[in-house]
Amino acid sequence: MAYPDPLDVADWRREVHALYARVRAETDPATAHDRWVETRSRLFHEHPASPRRAGQRLRHAPYDRAYRFVVPIERADQERWEFTSGSDGTVPFAGAGRVRLEGLGTLDVWWLDSYGGGLFLPVRDGSAGAQTYGAGRYLLDTVKGTDLGRDETGRWVVDLNFAYNPSCVYDYRWVCPLAPATNRLAVPTPVGELLPDGY
């Protein structure tokens, strides 16, 4: 199987950037989540660059405000993290800080330390392998436009209801950086994108 056409991938990313701009503009998080679910599901099912395989359909948990946090990214001592893939070689990440999610734990925020850069926040929680993908999901990936925004004081929105599966969940052609040890929560967070139908 061939990779999607580069222009289709570019259009997919444009659509994702536009979706997250609409999500950030919506004042009600639950309404924003409804829009996110609807648009992600449509793109996944219809777009030519979708990683979807036949028979797969996205599933999402209902919105739960208890899993929405607005927090600063705190400075932290972090060792460099390098992800190695067969297709992209070594993908370097430098520490950008850490977020504290009350009642859940802490997660490291990473900077993609290569061309273009970008913030990256993967997470693996206690629901992994049962309700959600066993290797984790993504909360923030500014390279791809998945950014829920900041408040007027500069704190970041970290909303686990918007946790989504990396493309490698659906199609083995995609190779995805997965949550390192510092980004694993023992507590289940059964919100966001779940394992898909047809997984």
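Residues numbered from 1 in each chain as written. Predicted model: local features only at pLDDT ≥ 70, side-chain atom pairs only at ≥ 80, totals over all residues. Heavy atoms only, no water.

J.: What am I meant to see in the overall build of the protein here?
T.: Regarding its fold elements, the protein presents two helices and seven strands. When its C-alpha atoms are laid out on the principal axes, the protein stretches across 40 × 40 × 30 Å. Considering the protein as a whole, with its 199 residues, one finds that 49% of them fall into the buried category. When the accessible area of the protein is evaluated, it comes to approximately 10000 Å², of which 49% is carbon and sulfur surface. Here the protein holds 24 positive side-chain charges and 27 negative ones, and the gap between their average locations is 2 Å. (Helix = DSSP H or I, 4+ residues; strand = E, 2+ residues; numbered from the N terminus. Buried < 20%, exposed > 50% of the residue type's maximum accessible area, 1.4 Å probe, protein only. Areas by Shrake-Rupley, 256 points an atom, 1.4 Å probe, with all protein chains shown as cover. Lys, Arg positive; Asp, Glu negative; His and termini not counted. Charge placed at Lys NZ, Arg CZ, Asp CG, Glu CD.)

J.: Help me understand the nonpolar core in this model?
T.: Side chains of nonpolar character tend, in soluble globular proteins, to be buried together. Of all hydrophobic cores here, the largest spans 32 residues; its most connected members are Tyr20, Val23, Trp36, Phe93 and Phe162. Going through the elements one at a time, α1 (6-25), α2 (29-46), β2 (81-85), β3 (89-101) and β4 (105-112) are the ones with two or more residues in this core. Per-element tally for this core: the top contributor is α2, with six residues. Apart from the residues lying within four places of it in its own chain, the contact partners of Phe162 are Tyr20, Val23, Pro29, Ala32, His33, Trp36, Tyr63, Tyr138 and Leu148. (Core = buried A, V, L, I, M, F, W, Y, C linked by side-chain atoms within 4.5 Å. Contact = heavy atoms within 4.5 Å.)

J.: Which parts of the structure should I look at to understand the environment of Ala130?
T.: Along the chain, Ala130 turns up in the loop between β5 (119-123) and β6 (137-141). Overall, Ala130 belongs to the exposed group, its relative accessible area being 61%. Once the C-alpha coordinates of Ala130 and Leu195 are considered, the two residues, 65 residues apart in sequence, prove to be 8.3 Å apart.

J.: Hey, could you run me through the pairing of β6 in this one?
T.: Remark: a regular strand shows side chains that alternate across the two faces of the sheet. A large share of β6 lies buried, amounting to five of its five residues. As defined by bridge partners, β5 adjoins β6 across four bridges and the pair is classed as antiparallel. Following the sheet pairing, Phe120 is matched in β6 by Asp141. (Pairing = 2+ DSSP bridges.)

J.: Is there a simple way to think about the packing of α1 against α2 in this case?
T.: When two helices pack together, their arrangement is captured by the angle between the axes and the distance separating the axes. At a minimum axis separation of 9 Å, α1 and α2 run at an interaxial angle of 170°. Overall, the two elements α1 and α2 adopt an arrangement that is roughly antiparallel. Here Trp12, Glu15, Leu19, Tyr20, Arg22 and Val23 of α1 come into contact with α2, specifically with Ala32, Arg35, Trp36, Thr39, Arg40, Arg42, Leu43 and Phe44. (Axes fitted to C-alpha atoms, helices over the stretch in contact; angles between N-to-C directions. Parallel < 35°, antiparallel > 145°, perpendicular 65-115°, else oblique.)

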